Amino acid sequence: TLIIGGGQNITNELSVEPDAEINIFPNPFQHSLTLDISYPNFGTVLVKMYNVLGQQVLQKVLTGNTLELNSLQPGYYFLEVRTADKKWIKKVLKH
C-alpha cells in the first residue's frame, strides 16, 4: 500500500487476473505514454497521476491509448489506471 498526501491509500495489491494485464511504455518517457490494456471489454479508463509527494497532478478519462504528458516536470510519478472493476498502479519516470 502506498500512502499519499492527505492520508489517501493507493493499494498496489488488487487482484489482477492473467487476462487483465496492462503494459505502459516507454518507461522512462519524454512526452507521452502508451497504455496497452489486454482486458476484454474494459470500457471507460480513468487515469490519475501522483507525484512523489502524493499530490494528484493529473486526472482524465483516457480516449485512445496514448496519454500526452508534456506539461509534467521531469521526475517519478505513480500512474493509477482504473476500469470499472480493475485498478493498476505503475511507477513511471519522465525525463
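Since the model is a prediction, treat every value here as computed from it, not as a measurement.

1. A closer look at the pattern of salt bridges
Link 1 in the chain: Evaluation of the coordinates by the stated rule reveals one salt bridge.
Link 2 in the chain: Between Arg82 and Glu80 there is a salt bridge whose closest N-O contact spans 2.5 Å.

2. A closer look at a nonpolar patch on the surface
Link 1 in the chain: Nonpolar side chains collect at one region of the surface, where Val52, Leu53 and Tyr76 lie side by side and expose about 340 Å² of accessible area between them.
Link 2 in the chain: With respect to the helices and strands, the residue Tyr76 is situated in strand β8 (residues 75-82).

3. What to know about the packing of aromatic side chains
Link 1 in the chain: What the rule picks out here adds up to zero aromatic pairs.
Link 2 in the chain: Against the face of Tyr76 rests Lys91, its NZ or CZ located 4.9 Å from the ring centre.

4. Comments concerning the pairing of strand β9 (residues 87-94)
Link 1 in the chain: Of the strand pairs in this sheet, β8 and β9 are connected by eight bridges, and their pairing is antiparallel. Paired with Val81 across the strands is Trp88, a residue of β9.

What counts and what doesn't
Residues numbered from 1 in each chain as written. Predicted model: local features only at pLDDT ≥ 70, side-chain atom pairs only at ≥ 80, totals over all residues. Heavy atoms only, no water. Salt bridge = Lys/Arg side-chain N within 4 Å of Asp/Glu carboxyl O. Patch = residues over 30% accessible without salt bridge, like charges linked within 9 Å, V, L, I, M, F, W, Y side chains within 5 Å. Areas by Shrake-Rupley, 256 points an atom, 1.4 Å probe, with all protein chains shown as cover. Helix = DSSP H or I, 4+ residues; strand = E, 2+ residues; numbered from the N terminus. Phe/Tyr/Trp six-rings, centres within 6.5 Å; stacked < 30°, edge-to-face > 60°. Lys NZ or Arg CZ within 6 Å of the ring centre and 35° of its normal. Pairing = 2+ DSSP bridges.

Honestly, that's just the spatial picture; any functional story needs more than this.
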